[in-house]
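# Examination of the molecular architecture
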There are 4 protein chains.
Amino acid sequence: MTAICDVQSLKNEKGFSLTRVGVVGVRKIIQVGKPESEEKSVPMICSIDAYVDLPADQKGSHMSRNLEVIDEVVDGCDDKPLVGIESVAVAMGKTLLDKHSYALVSNVSIEAEYFKESVTPRGRRTTEVCKLIGKSKCTRGGKIVKTLGVQVTGMTACPCAQENAARILGCSKKWPTITHNQRNTCTVVMELGEGVEVRADDLIDLVNDCYSSPTFGILKRDDEAIVVINAHNNPKFVEDVVREVLRKIVELYTYMPDDIVVTVRSESEESIHKHNAFAERIAMMGELRSRL
Amino acid sequence: MTAICDVQSLKNEKGFSLTRVGVVGVRKIIQVGKPESEEKSVPMICSIDAYVDLPADQKGSHMSRNLEVIDEVVDGCDDKPLVGIESVAVAMGKTLLDKHSYALVSNVSIEAEYFKESVTPRGRRTTEVCKLIGKSKCTRGGKIVKTLGVQVTGMTACPCAQENAARILGCSKKWPTITHNQRNTCTVVMELGEGVEVRADDLIDLVNDCYSSPTFGILKRDDEAIVVINAHNNPKFVEDVVREVLRKIVELYTYMPDDIVVTVRSESEESIHKHNAFAERIAMMGELRSRL
Amino acid sequence: MTAICDVQSLKNEKGFSLTRVGVVGVRKIIQVGKPESEEKSVPMICSIDAYVDLPADQKGSHMSRNLEVIDEVVDGCDDKPLVGIESVAVAMGKTLLDKHSYALVSNVSIEAEYFKESVTPRGRRTTEVCKLIGKSKCTRGGKIVKTLGVQVTGMTACPCAQENAARILGCSKKWPTITHNQRNTCTVVMELGEGVEVRADDLIDLVNDCYSSPTFGILKRDDEAIVVINAHNNPKFVEDVVREVLRKIVELYTYMPDDIVVTVRSESEESIHKHNAFAERIAMMGELRSRL
Amino acid sequence: MTAICDVQSLKNEKGFSLTRVGVVGVRKIIQVGKPESEEKSVPMICSIDAYVDLPADQKGSHMSRNLEVIDEVVDGCDDKPLVGIESVAVAMGKTLLDKHSYALVSNVSIEAEYFKESVTPRGRRTTEVCKLIGKSKCTRGGKIVKTLGVQVTGMTACPCAQENAARILGCSKKWPTITHNQRNTCTVVMELGEGVEVRADDLIDLVNDCYSSPTFGILKRDDEAIVVINAHNNPKFVEDVVREVLRKIVELYTYMPDDIVVTVRSESEESIHKHNAFAERIAMMGELRSRL
C-alpha cells in the first residue's frame, strides 16, 4: 500500500487563518464528579463541540484528533471522574492544544441534562431535570477561561395582569388575584478564571429561588394548590427573574474577582401569547457590584 | 456519451414490496385558494412529503418524478390556486399515480403555517398564526381519502388547582380563584372522502371556542386582564378541550357521513411541571354521534 | 383546611370517552439491564410518555399517578434493573392499570440514546450512539403488546448516480466509481407479544450490516479511506436498506410468530438535494416470510 | 372600572439595568421588496425577535409596544415593501426607540426562508430554498448597525479521503476518485453600517460558487451524474468553503469600509460520522483584505 497522505498538512495558498475549526454534536456518556457529594460521580449524556484555530498557511485541521482527545478524557473520567463538566471541558481544551501543535487557541463546549433532588412544598422528594453547560477557552501560553452555566425551568406569574385583573374585578386583597402564569427557562452562564470554583447545584438552587415558584414532576392535589398559591403571592416579570438572580449572585459570590463575565437570561413561554417574553443582562461582576 | 441507465427500473431479486417510497421535507411556496373569500389566494410556505408504493420486483422508485409532480402542481397553483392545502395534496397524489405507472397507492402530506385574522375581547384586530395539515391517499382505481387538519395554540386554566386553591384559601365565590394556566396546542385531523368539504377557518374558530381562552399577539393592559378573567371563568383540563371539540364537531358537521375518522388531540405545556399533559380521541363520526 | 376536592373524579356530562390521556416528555435516568452482558446495567436518559384511556362519564384522569408509577418503576430499576427499555415500558404499563382502576388500556413509550461498542475496519474500538425505543400497550384482562425499536445512523452510496457517472466518464471497472453518499437513519420497530424476546444489540448489528457502510466516531486516514471504499463497493438505495433489513429479520427471527408487526424505515439525507429520500415497509412477519 | 395600572412603569428598587428585554419568536408574513427586480416584492414568513434595553430604575419593559411596532412595520410593507429583511429590521429598530422613550438601544433580529431561482448543470430551472437573516442594532443618537446574513445548503466532497482512497486503490488520474460527500450549510453574516448595501441574491450566489457543488431539488439522471462529477472534481474541506467565501467577499465588496464585521461559518453533516465538521472565521473586512 502506498503511503497515506496527510492532506490537512499541505500548504494553503488562500491566505486566511480560521477562528475555530473542529467537530460539533459529538455524543458521549461521561462520569462527572460532584463536589463534596456522597455520590462519587454521576453519568451524564453530553453533547460536545471541540475546536482549535487554524493558521493561514495550513490547508486543514486534523479533526480526528479532536475525537481522540474527547475519548481520552472520557476514558480518564471512567477511572477518575473530574468534578463538574466545566472541568471536563478544560481537560479537553488543554489536550487539544497538546495534540494540535499549530493551534494557539482551543474552544470546548459541553451540554448535558442533569437530574437534581428537590422537595415539594409539602415535603415530597422529587428529581427535577435541568441543563448544565461547561465550556473552556485555552490559549497557548496558559490562559484558561472556564465557563459554567445552568439552565433551569420554573414558573412565573405576571404582576401586571394580576394588578389589573384585581382592579377590574374589584378584588379583595384578602386572597391573591388571578393572573397568567407559565413555564420560564432561566439560563445563568459565568465565565470563570481557572481558579474560581462555582458549584452547579448552588446556581440551580439560586435560580429556583428567583421564580414565582419552582416546578415539580409530581404534585398531588394539596402540593399543586400550594405551588399555585405561592406563585401568585410572588408574581414576577422576566425582568424580575433576571434582576433577582443578579442580586443573589452578587450576594453569594463575594469572593469572585470583578472581571468575571456573567450572563443571565430569562425566557417566558407566555400563556396568553404565542410568542415568548425575554430579558437578559450581560455584565462583569464589578459592574453588577456597583449597580452599573 | 453512453446511454444513461435507468437503475431504478432494474429487476429486484430481494422479493419485498415497499409500503411507501418517496421524498420528505420538500419546501415550496404555494398559492392556496380560500373558499368564499375576498382574497383570491394566500401564499403558504409548505413542507411536503410525497410517496408511492413499490412492487416487489422493481429495484427503485423514480423519486425525481415526485419533485416534478410537486413543481407541476405548485406552478399550476400560481395560475389557478386550488382551494385548501388538502386539495393541493389530492392534486399531487393523483399526478403521482399518473407518473408512477407501477404504483397502486400514493400518499402526500403537506404542512404550512397559516395567518388568520382574529379580534381581542376589546375589539382590537390581530393576526394569529396556526398550522394547517393537508393529506391525500389515492388508490389506483380511484379511491381518494383527503385529510384536513388544523393545529391551534390557545390557553387552558386548570379546574383542579382552582377548586383546591379556593378551599385552602377559603376564597369567596365572588371572584374567580387563582390556578395554573398555560399554552395548549390542540390538533384536529379529519379524514374526509373526496366529496366532503371542511373549511379550515371553521375548524380553527371551533378549536378557539373550546379553550379557557384563545390567545393573542397584542394585548394592551385592559385586554390582557380580560383574557385572564375569561380564562379563569372557564377552566379546562386537556380532557375538557378534547371533549368540547368533539361535541362541537358533532354539532357542526351534521352533513358528514358516519365513516369519517376524526382525531382530536390536546397538549398542555403545564406551567407547574416540566412535562406536558396530553389527551386524545380517535374515532369515527358515527361513534361520536352515538357517544360511543 | 377544608378537604381537598378530587375534581378529576367528578361525573362528566359531555359523553365522550378518550383514547389516551396522560403525560408526555417526562425525563428520567433509568438503570437498564442488558441481556447476557458482563455489565449488569447501563444508565439511560429516557423520555417517557405514559397514558391510560378515560371512560365517558369521568371528568379527568389522575395524571400525578402516572408520575408516581414512573418513579416507582425507575426506583425499582435502581435496585434490580429490568432487561431492556421495552421491559421498563411493560412494568410501567401494568402499574398504570393497577393505579387507574377506571382504565382499560395503558400505553407507555420510552426513548433513549444508547452507546454501543463498535470496531472500525482497521480494528480500532469506538463507541457509537444510536436510539432505543421501548413501548407497551397493556389491556385490562392481561393482553400485553411489547414493542422494541432501534434507530441507527449509517451511510448510503447511490447506485444510480454511480452507474451513470461511470457511463459518462467511461470509467474502468477496475476501481469503484464516484457517487453521492450521505447519512442515513434506519428505524426498525417490532411489536412483540409479551413472551417474545429480541436483543436491541442484535437489531443494531443487523441494521449496520445493511448499510453501504456503518459510520464511526473516530476514523484515522487509512480507516476513513477504507470506509469510503467499502461504501462504494456496496451502493444502496433507501429501498435497498429497507429490503435488506427485512431479509435479515426473516432469516434471524425464525422463532417468531407470524402475527408480529414489523416496521422498517430508512431516511437518507441526500447530499445532492436539500430534501430527504425515504422508504418504509410495514408488515406482519407472516407476510414477510411469504414475500407478500 | 378603576383606572388600569401601568405596572411596568413602577419604580424598580433592585438596581440593575437590563441589556435586552423584549419578545422572541413572533411569526409574521411580510412583503419584502427585492432590489432591481422585476417582481416588486415577495411574501416571507418571518420569525422576529425585538428588544430594547431597560434602565435600572424602571420595573418593566412595555412589551406590547414591541408587537405594535412589528405590526406597524409589517402593515407598512403591505403598502410599500422595504427592500431586504435587514431594512425591515432597521425600520422596526428605529420605531422601537420612538415607542420606548426610556430605551437607549434596540435590537431586532428577523429570520425567513427564501426561495431563489437556480439552474442545474443541464439547464433545468429550479427553485432552491435558503435562509435569510436580517438584524438591526439602533442606538439613541442615531447610530445604526444593519446586519444581513444568508444560510445556504450545498455539498462538499472530502479531499483527504479522495487522495488516500486513490493511493490505496492505485487509481488512475483519468477519472475522479471516490470520496465521502455530504450536505453542508454555510452561513455568511455581514454587519453593515446603515449606508452600505449588499444584495442577498449576490451573497447566495457567492456561497453556492464555493461548494464542491450546489445542490438542486430536481435532478434527472444525467444532471445527477454531472453534479456528482463536478463535486468530485472540486473537493472541499469545511475549511476550504470558509476560505473561498472569504476570498470572494474580499474580491466582490471592494467598496466596503474596513470596519465591517464578517462571519463565515461552514458546517458539514459528515456522511462517514454521526457528528458534524465545522469551520468559522470572524473578522473585520480590513483584516481580511490584509490577510491577517
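Note that the structure is predicted; figures quoted are calculated from it, not measured.

## Details of the overall build of chain A
Helix and strand content of chain A: seven helices and 10 strands. Taken over the C-alpha atoms alone, chain A extends approximately 85 × 40 × 40 Å along its principal axes. A total of 292 residues make up chain A; the buried ones form 62% of that total. In the structure as shown, chain A presents an accessible area of about 10,600 Å², 48% of it carried by carbon and sulfur atoms. Here chain A contributes 38 positive and 42 negative side-chain charges, whose respective centroids are spaced 3 Å apart.

## Some words on the environment of Met92 of chain C
Residues and elements named next belong to chain C. Along the polypeptide, Met92 turns up in helix 2 (residues 85-99). Considering only alpha carbons, one finds Met92 and Cys130, 38 residues apart in sequence, at a separation of 23 Å. In this structure Met92 touches Ile30, Ile48, Val69, Ile70, Val73, Val74, Val108 and Ile110, once residues within four positions along its chain are discounted.

## So, the relation of the copies chain D and chain A
Note on the identical chains: chain D maps onto chain A by a rotation of 180° and an axial translation of 0.0 Å, with an RMSD of 0.0 Å. Here the transformation between the copies is reduced to the relation of a two-fold axis. In terms of proximity to the rotation axis, the leading residue of chain D is Ile282 of chain D, whose C-alpha is 10 Å off the axis. In this assembly, 100% of the residues forming the interface of chain D have copies in chain A that are likewise at the interface, indicating an isologous arrangement.

## A short note on the pairing of strand 1 (residues 18-33) of chain D
On any regular strand, side chains alternate: one points to one face of the sheet, the next to the other face. In this structure, strand 10 (residues 276-284) of chain A lies alongside strand 1 of chain D, joined through five bridges in antiparallel fashion. Residue pairing for strand 1 of chain D: Ala277 of chain A is matched across the bridge by Val23 of chain D. Relative to strand 2 (residues 41-54) of chain D, strand 1 of chain D runs antiparallel, the two sharing 12 bridges. Each residue of the ladder has a partner; that of Arg27 of chain D, found in strand 2 of chain D, is Ser47 of chain D.

## Observations concerning helix 1 (residues 63-79) of chain A
In this model helix 1 of chain A runs 25 Å from its N-terminal to its C-terminal C-alpha over 17 residues, within 8% of the 24 Å that 1.5 Å per residue would give. For helix 1 of chain A, the full list of buried residues reads Met63, Ser64, Asn66, Leu67, Glu68, Val69, Ile70, Asp71, Val73, Val74 and Cys77 of chain A. Packing partners of the buried residues in helix 1 of chain A comprise strand 1 (18-33), strand 2 (41-54), strand 3 (82-83) and helix 2 (85-99) of chain A together with helix 6 (238-252) and strand 9 (276-284) of chain D.

## Regarding helix 2 of chain A
Across its 15 residues, helix 2 of chain A extends 21 Å between first and last C-alpha, which sits within 8% of the 21 Å expected from 1.5 Å per residue. Among the residues making up helix 2 of chain A, those that are buried are Ile85, Glu86, Ser87, Val88, Ala89, Val90, Ala91, Met92, Gly93, Thr95, Leu96 and Leu97 of chain A.

## Things to note about the interface of chain D and chain A
Taken together, the contact pairs 59 residues of chain D with 59 residues of chain A. Across the chain D/chain A interface, buried area totals approximately 5,000 Å², and carbon plus sulfur atoms make up 57% of it. A salt bridge links Arg20 of chain A to Glu280 of chain D; the shortest N-O distance between them is 2.9 Å. Along the contact surface separating chain D from chain A lie 26 residue pairs in polar contact (both at pLDDT 80 or more). Within the residue set of the side of chain D that touches chain A, elements represented by two or more residues are strand 1, strand 2, helix 1 (63-79), helix 3 (159-169), helix 6 and strand 9 of chain D. Among the residues forming the side of chain D that touches chain A, the class breakdown is 31 nonpolar, 14 polar and 14 charged.

## Observations concerning the interface of chain C and chain B
Each partner contributes residues to the interface: chain C has 59 residues there, and chain B has 59 residues. Counting the surface lost from both chain C and chain B, the interface buries some 5,000 Å², and carbon and sulfur atoms represent 57% of this. For the interface between chain C and chain B, the tally reads four salt bridges. Scanning the region where chain C abuts chain B turns up 26 residue pairs in polar contact (both at pLDDT 80 or more). The set of elements that each furnish at least two residues to the side of chain C that touches chain B consists of strand 1 (18-33), strand 2 (41-54), helix 1 (63-79), helix 3 (159-169), helix 6 (238-252) and strand 9 (276-284) of chain C. Tallied by class, residues from the side of chain C that touches chain B come to 31 nonpolar, 14 polar and 14 charged.

## Topic: the pairing of strand 2 of chain D
Residues and elements named next belong to chain D. With 13 of 14 residues buried, strand 2 lies mostly within the body of the structure. With seven bridges connecting them, strand 2 and strand 3 (residues 105-119) associate as antiparallel partners. Paired with Ile48 across the two strands is Ile110, which belongs to strand 3.

## Some points on the pattern of salt bridges
Going through the model one piece at a time under the given rule, you end up with 84 salt bridges over all chains. Note that Arg124 of chain B is salt-bridged to Glu68 of chain D, the shortest N-O span being 3.4 Å. With Arg124 of chain B in the loop between strand 3 (105-119) and strand 4 (125-139) and Glu68 of chain D in helix 1, this residue pair bridges two chains. Among the residues examined, Glu68 of chain D registers a relative accessible area of 18% and is labelled buried.

## Quick word on the packing of aromatic side chains
Enumeration over the complete set of coordinates arrives at 10 aromatic pairs over all chains. Directly above the ring of Tyr51 of chain C sits Arg20 of chain C, whose terminal nitrogen or CZ lies 4.4 Å from the centroid.

Reading guide: rules and limits
Residues numbered from 1 in each chain as written. Chains lettered and ligands numbered in written order. Predicted model: local features only at pLDDT ≥ 70, side-chain atom pairs only at ≥ 80, totals over all residues. Heavy atoms only, no water. Helix = DSSP H or I, 4+ residues; strand = E, 2+ residues; numbered from the N terminus. Buried < 20%, exposed > 50% of the residue type's maximum accessible area, 1.4 Å probe, protein only. Areas by Shrake-Rupley, 256 points an atom, 1.4 Å probe, with all protein chains shown as cover. Lys, Arg positive; Asp, Glu negative; His and termini not counted. Charge placed at Lys NZ, Arg CZ, Asp CG, Glu CD. Contact = heavy atoms within 4.5 Å. Least-squares fit on C-alpha atoms with pLDDT ≥ 70 in both. Pairing = 2+ DSSP bridges. Expected span 1.5 Å × (residues − 1). Buried area = accessible area lost by both parts, 1.4 Å probe. Salt bridge = Lys/Arg side-chain N within 4 Å of Asp/Glu carboxyl O. Polar contact = N/O pair within 3.5 Å; in protein donor to acceptor, adjacent residues only side chain to side chain. Nonpolar A, V, L, I, M, F, W, Y, C, P; charged D, E, K, R; others polar. Phe/Tyr/Trp six-rings, centres within 6.5 Å; stacked < 30°, edge-to-face > 60°. Lys NZ or Arg CZ within 6 Å of the ring centre and 35° of its normal.

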